[in-house]
Amino acid sequence: MALMTGEQYIESLRKLNLRVYMFGKPVENPVDDPILRPSVNSVRMTYDLALIPEYQELMTTVSHLTGERVNRFAHIHQSTTDLMNKVKMQRLLGNMTASCFQRCVGMDAFNAVYSTTYEIDQKYGTQYHENFRRYVARCQEEDLTVDGAMTDPKGDRGLPPHKQPDPDMFLRIVERRPDGIVVRGAKAHQTGMCNSHEILVMPTQAMTAEDKDYAVSFSVPSDAEGLFMIVGRQSCDTRKLEGTTVDVGNSEFGGVECLVVFDDVFVPNDRIYMNGEYDFAVMMVERFAGYHRQSYGGCKVGVGDVLIGATALMADYNGVPKASHVKDKLIEMIHLNETMFACGIACSAMGAQTASGSYLINVLLANVCKQNVTRFPYEIARIAEDIAGGAVVTAPSEADLKGEFTGPYIEKYLKVASGVSVENRLRVLRLIENLCMGAGSVGYLTESLHGAGSPQAQRVVIGRQGDLPRKKELAKALAHVVD
Ligand code: SF4
Ligand code: FE
């Protein structure tokens, strides 16, 4: 069963014993909870599309570990074509869900841990890579969704892990046993955690010798003993409880983030991929961040396509599709969106092979990609709100549209161009609202800013990789500067 159907994925989630908390209470059935279900549907799309022949080339590939056809989300990239197909796949899923479909963090963690464990073993003679290959092969065979977990709560940002007043602010090893380790701490902003079968943990930043116990990578099932998650609130989340489709904007799909607590979780030896090799923490972090910064050149572009489409529809509905400034603003949106995609494809095409044989993106271009993503979706959203008009925040509810007294007035005064129903106008306005300031804005905007590292993190890498000395030499040579 190397490829699960969407239905099998849903059923597999039901078998997990997840400890999920929301609004201060345990969630009895996270799969069918109305607030969480849209995010399950988004991940489900990664399974459904993989079984549709038209999408097979993007959604699946043949595993170098098992020789079987597997979902690309569980694949270790074997070429620059694989890297480019990954970005195209993410754009496709953004088109289909207009949300974060969550499964990429595991894919990016797979690829970062795969090549890093190979290099740790080369230096220290450890067995991490072999352990990890077996783990990836199992995830491929069972078609599992894996949550890649990197970001620690971090406490006082000015202090390293070992100097924090509370030593648990970074996830750490609290006990070493002959058969494994016990870990304690938390991971924050965990995308899709409550829709995942497994968690793959990595350190969050460069570590020193004093931070040895924090330099740890491992995997555990998402229902491991001692592990629980607390769901993050999103703007307008409780609209999903109202039973309407109009007011939610995107009623079928969404994303979800959790704080995941590891309250003394045991990890057996064969699931450990770094255990104190602090000098490799930075490699794992930078590779994961690089892959995830590439990812945004696909997923956010896919969501952007939907927002541009919604904006163009609003121009049509308002009767102004031919106004020159409207046409020009739509062109600007497309230009910004395709610039991000071009960066995602470029950092993939310029990728290179790692010592392990897998392929890594071009780090400089992946960081340029993500730096643009921290800005362009905000500008695209600004133009969307500009063209949609103030109704995006003042439009009445679906209940008012259907209200016995209010309905006729809404039908009369919210009318736009002839042939356009008021309900359709409201539906598109709400979709724009969802993406620019509702639950969908978590995935489209704030995640574009902070996901895979906040803007300054990319500027640090760009500064380091930009090779200013060479650029100065070029200028000197052409200007015939004599030192
Ligand atoms: Fe995938 Fe984008 Fe969500 Fe990251 S933010 S998990 S790349 S859809
Ligand atoms: Fe993300």
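Residues numbered from 1 in each chain as written. Chains lettered and ligands numbered in written order. Predicted model: local features only at pLDDT ≥ 70, side-chain atom pairs only at ≥ 80, totals over all residues. Heavy atoms only, no water.

(A) Layout of the coordination of the iron ion (ligand 2). The iron ion (ligand 2) binds to the protein through Tyr296 (OH) and Glu447 (OE); the donor distances cover 2.3 to 2.7 Å. Here tyrosine 296, found in helix α7 (residues 281-317), pairs with glutamate 447, found in helix α15 (residues 440-450); they are 151 residues apart in sequence, far enough to count as distant. For tyrosine 296, a relative accessible area of 2% corresponds to the buried category. Under the relative-accessibility criterion, glutamate 447 is labelled buried at 12%. (Donors = N, O, S within 2.8 Å, 3.2 Å for Na, K, Ca; no water. Helix = DSSP H or I, 4+ residues; strand = E, 2+ residues; numbered from the N terminus. Buried < 20%, exposed > 50% of the residue type's maximum accessible area, 1.4 Å probe, protein only.)

(B) Just unusual backbone geometry, in detail. Even without being glycine, histidine 189 reaches a positive phi, approximately 55°. By the element assignment, histidine 189 lies in strand β7 (residues 180-191). The residue aspartate 264 is not glycine, and still its phi comes out positive at about 60°. Its place among the elements puts aspartate 264 in strand β11 (residues 257-268).

(C) Expanded view of the packing of aromatic side chains. All chains considered together, the criterion is met by 12 aromatic pairs. With 6.0 Å between their ring centres and 40° between their planes, phenylalanine 132 and tyrosine 135 make a pair best called tilted. Taken together, the positions of phenylalanine 132 and tyrosine 135, both in helix α6 (residues 128-142) and three residues apart, correspond to about one turn of that helix. Per residue, the accessibility class of phenylalanine 132 equals that of tyrosine 135, and both read buried. Among the aromatic residues, those joined into a ring-pair cluster are Phe110, Phe132, Tyr135 and Tyr273. Over the ring of phenylalanine 341 we find arginine 91; its NZ or CZ atom is 4.5 Å from the centre of that ring. The ring of tyrosine 296 carries lysine 300 above its face, with NZ or CZ at 4.7 Å from the centroid. (Phe/Tyr/Trp six-rings, centres within 6.5 Å; stacked < 30°, edge-to-face > 60°. Lys NZ or Arg CZ within 6 Å of the ring centre and 35° of its normal.)

(D) A look at the sheet that holds strand β1 (residues 20-22). The strand order β2-β1-β10-β11-β7-β6 describes an open sheet built from six strands, whose pairing is mixed. At either end of the open sheet lies a strand with only one pairing partner, and these are β2 (25-26) and β6 (172-177). Examined bridge by bridge, β6 and β7 share five bridges and lie antiparallel to one another. Within β7, the residue paired with arginine 177 across the bridge is glycine 180. (Pairing = 2+ DSSP bridges.)

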